[in-house]
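Fold and contact review
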Amino acid sequence: MEEIEVAPPQANEVRIKIVASAVCHSDLYHLFESMHKDGFPTVLGHEAAGIVESVGPGVTEFQPGDKVIPLFISQCRECRFCKSPKTNQCEKGWASGRHNVMSPADSRLTCKGKKVLQFMGTSTFSEYTVVNQMAVAKIDPAAPLDKVCLLGCGICTGYGAAVNTAKVEPGSTCAVFGLGAVGLAAVMGCKAAGAKRIIAVDINPEKSEKAKVFGATDFVNPKDHSKPISQVLSAMTGGGVDFSLECVGNVGVMRSALESCVVGWGVSVIVGWTDLEDFSARPLQLMAGRTWKGSVFGGFKGRDSVPQMVKAYLDKKVKLDEFITHNMTFDHINDAIELMKHGKCIRTVLSVSPQ
């Protein structure tokens, strides 16, 4: 643990007291996989909820005491992307031009007088953080922050990939590859969209029962079969699934997910975060009518949609509690990282500050 200084919010910024933050695999990706030389020193964490502590000049939407979720994809509501219903990208966010470093150039965080980068523009593994108001969602004051923090990344990412990006149809057949929090949320999204058959795919047999909690009808472990998983799924479904979602961040699995789709109209969505390798496929795999798409944060425009997802949870239309396998105090953060690294948890929620 390190003491840092968190400066007061400047114009259009909000300082947030982080109450609860979960550990997401994207934190580990930056720390252990991409390890970009310009991406450190940094404060990790991006899936969290907290309370507004203070606001800078020009902030009208938030006031101290508001419950909020910081967003790693901003929504300025003014750029061409924000004005289009086709995307949740935003030209004013940190990711435009700095996705490899995974942080904006500017930061309100310092340690012993030296600037510390703000991971994904949020840095929630800290008692306080400062975020531009265009990257903050104001939520229902009744929401339990130690549950709805999951909507800051993983659950919206998987659920939205099924509902918004794939646009899963009632009566369809789906396959979800990778059953971490994002994959299980994708299973939940497929069920919410009315899919009649949802095949959950993972090399960990312990994930089978958990997948059924969220709506999976079948579980397939690729290690149980000698032939490629795409052939297994094709045989199970009479030619392939209508929709597949890759929730691992592995380019080989992305291809398997595409090849598992039926020709003619199959849609495969890349959800797992990675930027280390090229992916590949044969042209004919698309020419026959398949569609290959990508999704970030489930296609949700954060300021508009995260409050709606919080309401859906409060109305018992979306599960969150079932994703949480561990709760820890903030000083056990390294234990939480180890659990995630070894696949021993779905989500660990850290209690960062008292409410």
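It should be emphasised that the depicted structure is a prediction, and the values quoted were computed from it without experimental measurement. (Residues numbered from 1 in each chain as written. Predicted model: local features only at pLDDT ≥ 70, side-chain atom pairs only at ≥ 80, totals over all residues. Heavy atoms only, no water.)

Thoughts on helix H6 (residues 229–237)
Here is the rule we go by: Think of it in three bands: residues with accessible area under 20% of the maximum for their type are buried, residues over 50% are exposed, and the middle band is partly exposed, with areas taken using a 1.4 Å probe on protein chains only. A helix here means a DSSP run of H or I that spans at least four residues, while a strand means a run of E at least two residues long, and both kinds are numbered starting from the N terminus. This arc describes the spread of directions from the helix axis toward the C-beta atoms. Any two residues having at least one pair of non-hydrogen atoms within 4.5 Å are treated as being in contact.
Every buried residue of H6 is listed here: Ile229, Ser230, Val232 and Leu233. Angular distribution of buried residues about the axis of H6 spans 160°; they occupy a single face of the element. Turning to H6, the residues buried within the fold contact strand S11 (173–177), strand S12 (197–201), strand S13 (218–220) and helix H7 (251–259). Residue Gly238 follows H6 closely and has a positive phi angle near 70°.

What about the packing of helix H3 (residues 154–166) against helix H4 (residues 181–192)?
Put simply, the test is: Helix axes are fitted only over the stretch in contact, all axes being lines through C-alpha atoms; the angle between N-to-C directions runs from 0 to 180 degrees. Should an angle fall under 35 degrees it is taken as roughly parallel, and over 145 as roughly antiparallel, whereas 65 to 115 is taken as roughly perpendicular and any remaining angle as oblique. Crossing handedness: left-handed means the near helix sits turned counterclockwise from the far one by under a right angle, and right-handed means the same turn made clockwise. Throughout this entry, Asp, Glu, Lys and Arg are counted as charged residues, while Ala, Val, Leu, Ile, Met, Phe, Trp, Tyr, Cys and Pro are counted as nonpolar. The remaining residues, Gly among them, count as polar.
The interhelical angle for the contact between H3 and H4, taken along N-to-C directions, is 40°, at an axis separation of 7 Å. When the interaxial angle is binned, H3 and H4 end up oblique. The handedness of the crossing between H3 and H4 is right-handed. Within the contact between the two elements, H3 uses Gly154, Ile155, Thr157, Gly158, Tyr159, Ala162 and Val163 and H4 uses Ala181, Val182, Ala185, Ala186, Met188, Gly189, Cys190 and Ala192. Within the contact of H3 with H4, the residues separate by chemical class into 11 nonpolar, 4 polar and no charged.

Comments concerning the sheet that holds S11
Applied cut-off: A pair of strands is considered paired only if DSSP assigns at least 2 bridges between the two.
Reading across the sheet, the 6 strands line up as S13-S12-S11-S14-S15-S16 and stay open at both edges, with parallel pairing between neighbours. Of all strands in the sheet, those bounded by a partner on one side alone are S13 and strand S16 (291–294). Recorded for the sheet is a direction-independent mean angle of 20° between the axes of neighbouring strands. Two elements, S12 and S13, share 3 bridges in a ladder whose sense is parallel. Opposite Val201, over in S13, you have Val220 as the bridge partner. Contacts from H6 reach S11, S12 and S13 within the one sheet, and its direction differs from that of S12 by about 160°.

Section: helix H9 (residues 302–314)
Our working rule: Take the number of residues in a helix, subtract one, and multiply by 1.5 Å to get its expected span.
The first and last C-alpha atoms of H9 sit 18 Å apart over 13 residues, in line with the 18 Å expected at 1.5 Å per residue. Of all the residues in H9, the buried ones are Gly302, Arg303, Ser305, Val306, Met309, Val310, Ala312 and Tyr313. Note on H9: the residue one or two positions beyond its end, Lys316, has a positive phi of about 65°.

A look at unusual backbone geometry
Unusually for a residue other than glycine, Arg77 sits at a positive phi of about 70°. Relative to the helices and strands, Arg77 resides in the loop between strand S5 (67–70) and strand S6 (109–111). One non-glycine residue, Met120, lies in the positive phi region at around 55°. On the secondary structure map, Met120 appears in the loop between strand S8 (117–118) and strand S9 (128–132). Assessed through its relative accessible area of 2%, Met120 is described here as buried.

Description of the state of the cysteines
Selection criterion: By disulfide we mean two sulfur atoms from cysteines, separated by a distance within 2.5 Å.
Counting across every chain of the model gives 0 disulfides. As a non-bridged cysteine, Cys149 has Cys153 as the owner of its nearest cysteine sulfur, 11 Å distant. Taking relative accessible area as the criterion, Cys149 reaches 0% and is therefore assigned buried. Not engaged in a disulfide, the cysteine Cys247 finds its nearest cysteine sulfur in Cys190; these two sulfurs lie 8.5 Å apart.

As for the sheet that holds strand S1 (residues 5–6)
Sheet strands associate in pairs through backbone hydrogen bonding, adopting either a parallel or an antiparallel arrangement. Across the sheet, 3 strands lie side by side as S1-S6-S7; this open sheet has antiparallel pairing. Two strands in the sheet have a free side with no partner beyond their single neighbour: S1 and strand S7 (114–115). Here 2 bridges tie S6 to S7, and the two strands are oriented antiparallel to one another. For Thr110, the partnering residue across the bridge sits in S7 and is Lys115.

Re the nonpolar core
Test applied: Only buried Ala, Val, Leu, Ile, Met, Phe, Trp, Tyr and Cys residues count toward a nonpolar core, and they belong to the same one when joined by side-chain atoms within 4.5 Å.
If you look at the biggest cluster of nonpolar residues, it comprises 98 residues, and the most contacted ones within it are Val148 and Phe323. The dominant element in this core, judged by the number of residues it contributes, is H4, at 8 residues. Listed in part, the 11 residues of the second largest apolar core include Val220, Val232, Val241 and Ala257.

Some points on the layout of surface pockets
Filter applied, for reference: Each cavity reported here is a set of points on a 1 Å grid over the protein atoms alone in which a 1.4 Å probe fits but cannot get out, each pocket an open set with protein on both sides within 12 Å along at least five of seven lines, and each lining residue one with an atom within 4 Å of a point. Grid points are joined across faces, edges and corners, and a volume is the space filled by probe spheres set on the points.
The calculated volume of the largest pocket comes to roughly 1000 Å³. Around the largest pocket, the lining is made up of 44 residues, and of these His25, Gly180, Cys247, Val248 and Gly249 lie nearest the centre. Secondary-structure elements contributing two or more residues to the lining of the largest pocket are helix H1 (25–34), H4, H7 and helix H10 (333–341). Among the elements that make up the lining of the largest pocket, the one with the highest residue count is H1 (4 residues). Across the lining of the largest pocket, the residue classes tally to 25 nonpolar, 13 polar and 6 charged. When its volume is computed, the second largest pocket comes out at roughly 710 Å³. Among the elements of the structure, strand S3 (42–43) and H10 are those that each provide at least two residues to the lining of the second largest pocket. For the lining of the second largest pocket, the leading source of residues is H10, giving 3 residues.

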